[in-house]
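Chain and residue survey
What follows is each chain in one-letter form.
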Amino acid sequence: MAPQLESKTNSIGLDEKKYTGSEILLRSLVEEGVEMIFGYPGGAVLPIYDSLYDGHVRHMLARHEQGAIHAADGYARATGKPGVVMATSGPGATNLVTGIATAMMDSIPMICITGNVPLSLLGTDAFQEADITGITMPITKHNYLVRSIEEIPTIVKEAFTIATTGRPGPVLIDIPKDVSQAMSTFTYPEKVEIRGLFQPEAPTDVQINRLQQVIQQAERPVILAGGGVVRANAQAELIEFAEKSNIPVTTTLMGLGGFPSRNELWLGMPGMHGTYAANHALLECDLLIGIGARFDDRVTMGRIDKFATGAKIIHIDIDPAEIDKNVHTYVPIVGDVKQVLAAANETLSSANSSNWIKQCDDWKAKFPLQYDDSDENGLKPQWVIEHLDETTEGKAIVSTDVGQHQMWVAQYYQFSEPRSLLSSGGLGTMGFGFPAAIGAQFASPDRTVIAVTGDGGFQMTAQELAVVALENIPVKIVIINNQCLGMVRQWQEVFYKERYSEVDLSGSPDFVKLAEAYGVKAWRATNKEEATQAWKEALHHSGPAVVDFWVNPNENVYPMVAPGTGLDEMMMGDEEQ
Amino acid sequence: MSHILSVLVNNRPRVLARVSSLLGQRNFNIESISVGQSEEKDLSRMIIVTGGDERTLNQVSKQLSKLIDVIEVRTITESTSVERELMLIRVTSEPNVRMEIQGIVDPFRASVVDVGHDSLMLQATGDRAKLDTLTELLRPYGILEVARTGVIALSRELNQTSLTTVI
């Protein structure tokens, strides 16, 4: 057990004790309730790691900074609390870049702490110097270069406030080595005023009345719920909103779990690999209520001219810049999704939607997601995901990498709770899933956490096996192994005349042996029988586990909408090409 | 079509970089940008002239507002604002054409601020169109160097339309 910090600072300044900058940093983090730092040491953060040695905050030593930041991200996605990651200057800092961009695109609250060379050496191309504040300017919500020890508490307070207020996002704090070595007294501010920080106001009665009026006039309404619902912890409010108004719901990839998949009003995911019902509801609706969704090109296919053309659009979002960015909005409501829905629910009555609901149910019945589940030519990846769903009753935390397996998880895992799907939706980062699962497992030790990955993505951050082995973190790693880069191969098959350029991953290691080399138990499965047995054992194993599912490499993700075409042009299966 | 944005920002290192980086990242075109002290001690005012349609302008404003160092973004309409730019321009000027150049300078209320053996440096203020015109008139004499500050602008006081024509 880590020793506790002996005393809180005295707010009237009686505490004259001097601390180093790194102690002040850690004390500030403790003040913010930080329990866990994910990181990797190096020269410029030596003082901070020296202070960490006293054990004020738990630290997970990753095996690559990218592993550390995705773990911090997974922690944040699973809890809603900011994930904290630390790395040294130069290469340590630049190795965070992919993870910062990943968090930025998906609005994940994160605090990224980097060391830098001493102030006197800044700008001299010193050893391991990189201008990380300059580099991360476009991929952080805000960033800081700390220029004096006195600034540390205020900057930390501001960073946490910015990361978690309004639309969340990553904030980076770059601390030169001499600043973390300097000495000063410590007082932590109770609050900070940040003039340039946008804080949404409560919705007005006028807005709520307008919303209800438009709903009453609609005959074919549909809700498009996005990641904002999850970020705002607004699942309960959304369920009440949809059920009271009797409006069907489609959830984007980031919104999965924001509305229970097993609810009758759920239409599935929309967009490029969306369900027939979801896409046709978007095409034919007369009212589209976007809630915490940003109408990105994987949903609209970038063809606004073919997207919800007959519909009025209500857009509820915490970020004013999302209003009218991609689609023209009839009723914009800027605000916290949870607050807006709660206000609307007070007086909401049902839309005149019963015929429309019948139409949607008809689509669901006629065009469900389907695949041939024969395991004659290898396991079907869709079957594997369905099996994971059945054995965990849709209640596990599932992280993914990017590509085919990600879409199959989105399609076939029936998420019932928010913060259960951890997936890089915006940036589409391979190598994200496994470390994110580690972070989530740290945050939720009692939940089943499954990292679904591919044989490609797993090799991008597989080194973190050392962490799960050493700390006995019971993450279950599911490799959907088709021995190729499946989604790229699928595109080459469909759009590039089967010219399979550089997608063959022959030469990958034996993942069972690889896991065992790290001391992680592992199984392989090539048919349903083996798969059922292996998964059962892995799921009940008390420690980390790897299951290498050898699947049919020719399987494609359907339905599919080709980029540049409208949602009405869905390919439902191989035979249609 | 170009628009003028008046942006109040924290007077801190790198704020200009943040603003211009954002404009570049979002593919917004900058025609000119000028920064200086504002009426508030710790704040600077940036005047950004940007191209694009109404929708683009709307996005630029909203994206700029998201920057933590940006306190306020206002659009300035040309018809209800005062727009000024300062230009220094050095033109070739043999002694025999100096009087001729002076004749061009006067109607523009420009002034000669430096005289060399073969050149004159002129200073002119006004809106962009005026400075463009002056530049074109001077071009035949041979322009050696031009430096312009970029546009600064302030909105005229609201509801005082009768006064706006006076100045």
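Here the structure is a predicted model, which is why all the values come from computation and not from measurement. Chains are numbered independently. Their residues run from 1 in the order of the written sequence. Throughout, the order in which chains and ligands are written sets their labels, letters from A for the former and numbers from 1 for the latter. Side-chain atom pairs in this predicted model are given and counted only at pLDDT of 80 or more, local residue features only at pLDDT of at least 70, and totals for whole chains, interfaces and linings cover all residues. Neither water nor hydrogens contribute to the side-chain values; these are computed over all heavy atoms in the structure.

**A few points about the overall build of chain A**
Secondary structure elements follow DSSP: runs of H or I no shorter than four residues count as helices, runs of E no shorter than two count as strands, and numbering proceeds from the N terminus. The secondary structure content of chain A amounts to 23 helices and 22 strands. In this description the radius of gyration comes from C-alpha coordinates, and the expected globular size is given by 2.2 Å times residues to the power 0.38. Taken against the 2.2 N^0.38 rule, which gives 25 Å for 577 residues, the C-alpha radius of gyration of chain A at 24 Å falls within 12% of a compact globule. Viewed in the frame of its principal axes, chain A has a C-alpha envelope of about 70 × 60 × 40 Å. Taking all 577 residues of chain A together, 59% fall into the buried category. Within chain A, residue pairs in contact and separated by at least 24 positions form 75% of the contacts whose partners lie at least 6 positions apart. Values of accessible area rely on a 1.4 Å probe in the Shrake-Rupley scheme; residue burial ignores everything except the protein chains shown. Accessible area for chain A stands at about 22,100 Å²; split by element, carbon and sulfur atoms hold 49% of it. Using a 1.4 Å probe on the protein chains alone, a residue whose accessible area is under 20% of its type maximum counts as buried, one over 50% counts as exposed, and one in between counts as partly exposed. Two residues qualify as a contact provided that any one of their heavy atoms is within 4.5 Å of a heavy atom in the partner residue.

**So, the sheet that holds strand β20 (residues 545–550) of chain A**
Residues and elements named next belong to chain A. Reading across the sheet, the 6 strands line up as β16-β15-β17-β18-β20-β19 and stay open at both edges, with parallel pairing between neighbours. Edge strands, defined here as strands with exactly one partner in the open sheet, are β16 (421–422) and β19 (521–525). A strand pair is defined by DSSP finding two or more bridges across the two strands. When β19 meets β20, the two strands line up parallel, connected through 5 bridges. Paired with R524 across the strands is D548, a residue of β20.

**Some thoughts on the domain arrangement of chain A**
By convention, interface size is frequently given as the accessible area that disappears when the constituent parts associate. Residue and element names in this part refer to chain A. Here chain A is described as being made up of domain 1 (19–184), domain 2 (205–366) and domain 3 (381–564 + 572–576). Taken over C-alpha atoms, the centre of domain 1 sits 37 Å from the centre of domain 2. Contact residues are listed per partner, giving 8 residues for domain 1 and 6 residues for domain 2. Summed over both partners, the accessible area lost on bringing two parts together, with a 1.4 Å probe, is the buried area. Counting each side, the surface lost to burial between domain 1 and domain 2 is near 590 Å², with a carbon and sulfur contribution of 53%. Here, a salt bridge means any side-chain nitrogen of Lys or Arg that lies within 4 Å of a carboxyl oxygen of Asp or Glu. Across the contact surface, domain 1 and domain 2 share 2 salt bridges. Across the pair R167 and E322 runs a salt bridge whose closest N-O atoms are separated by 2.8 Å. Polar contacts here mean pairs of N or O atoms no more than 3.5 Å apart (in protein, one a potential hydrogen donor and the other a potential acceptor; neighbouring residues in sequence count only if both atoms are side-chain atoms). Applying the counting criterion to the domain 1 and domain 2 interface returns 3 residue pairs in polar contact (both at pLDDT 80 or more). Nonpolar residues are Ala, Val, Leu, Ile, Met, Phe, Trp, Tyr, Cys and Pro. Charged residues are Asp, Glu, Lys and Arg, and all others, Gly as well, are polar. Of the residues belonging to the side of domain 1 that touches domain 2, the class tally is 3 nonpolar, 2 polar and 3 charged. Source of the domain bounds: an automatic or database domain assignment.

**Notes on the environment of A:K141**
Along the chain, the position of A:K141 falls in the loop between α6 (132–135) and β6 (142–145). Separated by 80 residues in sequence, A:K141 and A:P221 place their C-alpha atoms 34 Å apart. Here A:K141 is in contact with A:M104, A:I162, A:T165, A:R167, A:P168, A:G169, A:P170, A:L197 and B:I68, once residues within four sequence places are set aside. Reaching out from A:K141, the side chain makes a polar contact with the backbone oxygen of A:I162 at a distance of 2.7 Å.

**As for the sheet that holds β6(A)**
All names here are of chain A. One open sheet accounts for 6 strands, arranged β3-β2-β4-β5-β7-β6; its pairing is parallel. Two strands bound the open sheet, and with one partner strand each, they are β3 (58–61) and β6. Each strand axis lies, on average, 20° off the axis of its neighbour in the sheet, ignoring direction. Pairing analysis gives 4 bridges linking β6 to strand β7 (residues 170–176), with the strands arranged parallel. The partner of N143 across the bridge, within β7, is L172. Axis definition: a line fitted to C-alpha atoms, over the contacting stretch in the case of helices. Angles run 0 to 180 degrees between N-to-C directions. This element, helix α5 (residues 97–105), spans β5 (110–116) and β7 of the sheet and lies at about 145° to β7.

**A short note on the interface of chain A and chain B**
Every contact between the two is made by 22 residues of chain A and, on the other side, 20 residues of chain B. At the junction of chain A with chain B, the criterion picks out 3 salt bridges. In this structure, the salt-bridge partner of B:R14 is A:D131, at a minimum N-O distance of 2.7 Å. Elements supplying a minimum of two residues to the side of chain A that touches chain B: α6 and β6 of chain A.

**Looking at the environment of A:G564**
Along the chain, the position of A:G564 falls in the loop between β21 (560–561) and β22 (570–571). If sequence neighbours within four positions are ignored, A:G564 has contacts with A:M301 and A:R303.

**Quick look at unusual backbone geometry**
Residue and element names in this part refer to chain A. Following Y558, the chain continues to P559 via a peptide bond in cis, the omega torsion being 0°. Inspection of the secondary structure assignment puts P559 in the loop between β20 and β21. One non-glycine residue with positive phi stands out, namely N233, at about 50°. Mapped onto the elements of the fold, N233 is located in the loop between α10 (227–231) and α11 (235–245). Positive phi outside glycine occurs at K497, with the angle close to 55°. Inspection of the secondary structure puts K497 in the loop between α21 (486–495) and α22 (511–518). Under the relative-accessibility criterion, K497 is labelled exposed at 73%.

**Describing the pattern of salt bridges**
All names here are of chain A. Summed over the entire model, instances satisfying the criterion amount to 38 salt bridges over all chains. In this structure, E471 engages R58 in a salt bridge whose closest nitrogen and oxygen atoms are separated by 3.6 Å. Separated by 413 residues along the polypeptide, E471 in the loop between α20 (465–470) and β18 (476–481) and R58 in strand β3 bring together distant segments of the chain. With relative accessibility at 32%, the residue E471 sits in the partly exposed group. You can call R58 partly exposed: its relative accessible area is 46%. Taking the shortest distance from any N to any O, the salt bridge between K380 and E555 comes out at 3.5 Å.

**Describing α5(A)**
Among the residues of α5(A), A:G99, A:I100, A:A101, A:T102 and A:A103 are the ones counted as buried. Backbone geometry just after α5(A) places A:S107 at a positive phi near 55°.

**Focus: the environment of A:Y276**
Counting through the fold element by element, A:Y276 comes out in helix α12 (residues 276–284). Owing to a relative accessible area of 17%, A:Y276 belongs among the buried residues under this scheme.

**Details of the pairing of strand β3 (residues 43–51) of chain B**
Residue and element names in this part refer to chain B. Here β3 lies mainly inside the structure; 9 of its 9 residues are buried. Alternating residues of β3 divide into L43, R45, I47, V49 and G51 and S44, M46, I48 and T50, and every residue in both groups is buried. Where strand β1 (residues 2–10) and β3 come together, 9 bridges link them in antiparallel fashion. Counted as the bridge partner of S6 is I47 from β3. Judged from the 7 bridges that link them, strand β2 (residues 30–37) and β3 form a sheet pairing that is antiparallel. Residue pairing across strands places Q37 opposite S44, the latter belonging to β3. Between β2 and the antiparallel strand that follows it, β3, lie 5 residues.

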